[in-house]
Amino acid sequence: MLILLSLLFTNYAVAGEPYVDKALLNEIGDKYGVFAKKRFFFLQETFDSVKNKGDLEKLEAVNNFFNEVRYSSDMKLYGKSDYWATPWEFLGNDRGDCEDYVISKYFALRHLEVDYKKLFFTYVRSTNFKEPHMVLTYFETPKSEPLILDNNNRKIFPASQRKDLTPIYNFNGDMLDEADKNNEKSHKKWDELKLNMQRKKI
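Please read these numbers as outputs of a predicted model, since none were measured by experiment. (Residues numbered from 1 in each chain as written. Predicted model: local features only at pLDDT ≥ 70, side-chain atom pairs only at ≥ 80, totals over all residues. Heavy atoms only, no water.)

Asker: So what's going on with the layout of surface pockets? Residues and values would help.
Answerer: Roughly 290 Å³ of internal volume is contained in the largest pocket. Every residue along the wall of the largest pocket is listed here: Glu17, Pro18, Tyr19, Val20, Asp21, Leu24, Trp88, Phe107, Arg110, His111, Met197 and Lys200. Counting residues per element, the lining of the largest pocket draws most heavily on helix α7 (residues 98–111), which supplies three residues. Residues belonging to the lining of the largest pocket are distributed by class as follows: seven nonpolar, one polar and four charged. (1 Å grid on protein atoms, 1.4 Å probe; cavity = no way out; pocket = protein on both sides within 12 Å on 5 of 7 lines; lining within 4 Å. Points joined across faces, edges and corners; volume = space filled by probe spheres on them. Helix = DSSP H or I, 4+ residues; strand = E, 2+ residues; numbered from the N terminus. Nonpolar A, V, L, I, M, F, W, Y, C, P; charged D, E, K, R; others polar.)

Asker: Explain the packing of aromatic side chains residue by residue, including any values.
Answerer: The description of an aromatic ring pair rests on the distance of the ring centres and on the angle between the ring planes. Applying the stated criterion across every chain yields a total of 16 aromatic pairs. Geometrically, the ring pair formed by Phe107 and Trp190 is stacked, given 6.2 Å between the ring centres and 5° between the ring planes. Of the two residues, Phe107 sits in helix α7 while Trp190 sits in helix α9 (residues 188–198), which places them 83 residues apart along the sequence. Residues Phe107 and Trp190 agree in their burial class; the two are buried. Ring pairing ties together the aromatic residues Trp84, Tyr106, Phe107, Phe121, Phe171 and Trp190, which thus form one cluster. (Phe/Tyr/Trp six-rings, centres within 6.5 Å; stacked < 30°, edge-to-face > 60°. Buried < 20%, exposed > 50% of the residue type's maximum accessible area, 1.4 Å probe, protein only.)

Asker: Lay out the pattern of salt bridges with the relevant residues and their values.
Answerer: Under the defined criterion, the tally for this structure stands at 10 salt bridges. Each of Asp150, Arg162 and Asp164 takes part in one network of salt bridges that share partners. (Salt bridge = Lys/Arg side-chain N within 4 Å of Asp/Glu carboxyl O.)

Asker: Pulling in residues and values, what's your account of the sheet that holds strand β7 (residues 165–171)?
Answerer: The five strands are arranged β6-β5-β4-β3-β7 in an open sheet whose pairing can be described as antiparallel. Both outer strands of the open sheet, β6 (157–158) and β7, are each paired with one neighbouring strand and no more. Sheet topology note: the strand β3 (residues 119–126)/β7 ladder contains six bridges and is antiparallel. Residue pairing in the sheet places Val124 in a bridge with Pro167 of β7. (Pairing = 2+ DSSP bridges.)

Asker: Hey, could you go over helix α2 (residues 22–32) for me, with residue numbers and the actual values?
Answerer: Among the residues of α2, those classed as buried are Leu24, Leu25, Ile28 and Gly29. Considered in projection along α2, the buried side chains sweep an arc of 145° and stay on one side of the axis. Pointing more than 90 degrees away from the buried face of α2 are the exposed residues Asp30 and Lys31. Downstream of α2 by one or two residues, Gly33 has phi in the positive range, about 105°. (Arc of directions from axis to C-beta.)

Right under this line is the structure:
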């Protein structure tokens with residue numbers, strides 16, 4: 001199985017830039033095991049199946065893939081009340097909380113060349129669960145009604161059809177970074193996540 005996965009990812013590297021390179025994939029396998037490596041293989045298959053499709057097909061494929069990951073609190077996984085996991089930690093553990101779904105979907109869609117300016121981390125309040133929540137929102141244009149990608153509801157709906165969610169505010173770290181000419185802190189959790197992404201934290 002390990003040899004097969006290695007050959008498959010080598011082929012991806014020849015055909016185009018893989019989401020996870022061979023070196024990082026091996027580190028993930030060493031830490032989380034062969035089934036974690038298989039999850040990244042299936043993620044790459046998902047990417048390849050929609051790479052030439054439109055945004056809506058990409059949104060649906062990514063949303064469906066990551067919603068298969070099981071929910072778990074940060075306290076159980078990391079011993080912290082609020083931790084933003086990298087996509088490699090999220091899929092390696094095969095567990096995470098609402099922010100982790102959003103982060104992984106965001107970076108997956110960026111990898112698929114969906115314009116990051118259309119994607120927002122959106123804080124909401126869930127009336128069903130009576131607690132704060134985070135979803136990923138997609139705006140086709142700045143004035144469009146957003147689409148909601150949510151781990152609590154597998155189907156993508158326009159915001160007006162999600163009566164169970166009360167929006168609080170939108171956030172896009174890359175856009176803040178782009179506007180930040182003085183390299184000041186933009187958002188603490190985003191800054192920590194960026195650093196962990198640069199370090200390829202697994």
